[in-house]
Amino acid sequence: MLHQLLYAVGTLAAYAMKELMNMTNQAYRKRLNRLFQGEVFGEAAYLMAARCTGCPQRRHKWDTLRKLETQTKIQLHAVLFQNGWGANEQTRYKFLGCAVGMFAAILPWRLSLKFLELIVCTGLKTLDRFVNRAPSDEKEFAESVLDHERAQYEFVQRELHGDEKSSLDQVLILLKT
């Protein structure tokens, strides 16, 4: 009788653990997909800002930031695909990104940077939570996505403090990896 009871409890515990892992995987998948859509948004925003600005230096900076978004988007897509989840670029995020990019391109540079700073700071908070909640086998990847956001933050800070020549250094380092 005790043996049957222990077997039942063990089976129930195994089932509960499997369900818990499934919920954890679903939550992780949702976070990954949200991050992927964020990269779709950022890629579209930087692309449109590069196209709409009249300043060649700013065009280069926006385009370099777009390349970082594209690289991270591809990495997120690969992780989603590896886990059998897949991801589609949602048109609404592309559209919203294009609108934000056009808006950023027509603003004075300093105001565009302050606007970008707000977006990036929000992203940093989200990504801190993402790293803390990532499965242990995905921590390194989660950290790399956080590094991507930190590089954008570093860009904004350097630009705002007048360090225009080296503002893209961290972004360029990540693009080489």
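Just so it is clear, the structure is predicted and the values come from calculations on it, not from any experiment. (Residues numbered from 1 in each chain as written. Predicted model: local features only at pLDDT ≥ 70, side-chain atom pairs only at ≥ 80, totals over all residues. Heavy atoms only, no water.)

A.B. asks: Kindly report on the overall build of the chain, identifying the contributing residues and their values.
C.D. replies: Within the chain one finds six helices and zero strands. In sequence order, the chain lays out its α and β elements as α-α-α-α-α-α. Going through the 177 residues of the chain one by one, you find that 40% of them count as buried. Considering only residue pairs separated by 6 or more positions, the chain has 75% of its internal contacts joining residues 24 or more positions apart. (Helix = DSSP H or I, 4+ residues; strand = E, 2+ residues; numbered from the N terminus. Buried < 20%, exposed > 50% of the residue type's maximum accessible area, 1.4 Å probe, protein only. Contact = heavy atoms within 4.5 Å.)

A.B. asks: Lay out the layout of surface pockets with the relevant residues and their values.
C.D. replies: One water molecule sets the probe size; rolling that probe over the atoms shows where empty space is left. What the largest pocket holds in volume is close to 730 Å³. G38, E39, F41, I119 and G123 are, among the 38 residues lining the largest pocket, the residues nearest its centre. Counting residues per element, the ones that place at least two in the lining of the largest pocket are helix 1 (2-52), helix 2 (56-82), helix 3 (91-106), helix 4 (109-133) and helix 5 (139-160). In terms of residue count, the dominant contributor to the lining of the largest pocket is helix 1 (13 residues). In the lining of the largest pocket, the residues fall into 17 nonpolar, 12 polar and nine charged. (1 Å grid on protein atoms, 1.4 Å probe; cavity = no way out; pocket = protein on both sides within 12 Å on 5 of 7 lines; lining within 4 Å. Points joined across faces, edges and corners; volume = space filled by probe spheres on them. Nonpolar A, V, L, I, M, F, W, Y, C, P; charged D, E, K, R; others polar.)

A.B. asks: Describe in detail the environment of F36, supporting the description with residues and values.
C.D. replies: With respect to the secondary-structure elements, F36 resides in helix 1. Separated by 52 residues in the primary sequence, F36 and N88 have C-alpha atoms spaced 8.9 Å apart. Not counting the four nearest positions on each side in its chain, F36 is found in contact with K73, L76, H77, L80, A87, N88 and E89.

A.B. asks: Go over the pattern of salt bridges with me, naming the residues and quoting the values.
C.D. replies: Throughout the structure, instances matching the rule amount to 10 salt bridges. Between E89 and K73 there is a salt bridge whose closest N-O contact spans 2.7 Å. Of this pair, E89 sits in the loop between helix 2 and helix 3 while K73 sits in helix 2, and the two are 16 residues apart along the sequence. Several salt bridges share partner residues, and in doing so they unite E43, K73, E89 and K94 into one network. (Salt bridge = Lys/Arg side-chain N within 4 Å of Asp/Glu carboxyl O.)

A.B. asks: Lay out the state of the cysteines with the relevant residues and their values.
C.D. replies: What we call a disulfide is simply a covalent bond connecting the sulfur atoms of a pair of cysteines. A full pass over the atoms with the stated rule returns zero disulfides. Not part of a disulfide, C98 finds its nearest cysteine sulfur in C52, a span of 8.7 Å. Assessed through its relative accessible area of 24%, C98 is described here as partly exposed. (Disulfide = S-S within 2.5 Å.)

A.B. asks: Talk me through the nonpolar core; I want residue IDs and the actual numbers.
C.D. replies: L32, W62, L65, L116 and F155 are the most contacted members of the largest nonpolar core, which has 37 residues in total. Put simply, the parts of the chain that give this core at least two residues each are helix 1, helix 2, helix 3, helix 4, helix 5 and helix 6 (169-176). The contacts of L116, once residues within four sequence positions are left out, are Y46, W62, L65, F155 and V156. (Core = buried A, V, L, I, M, F, W, Y, C linked by side-chain atoms within 4.5 Å.)

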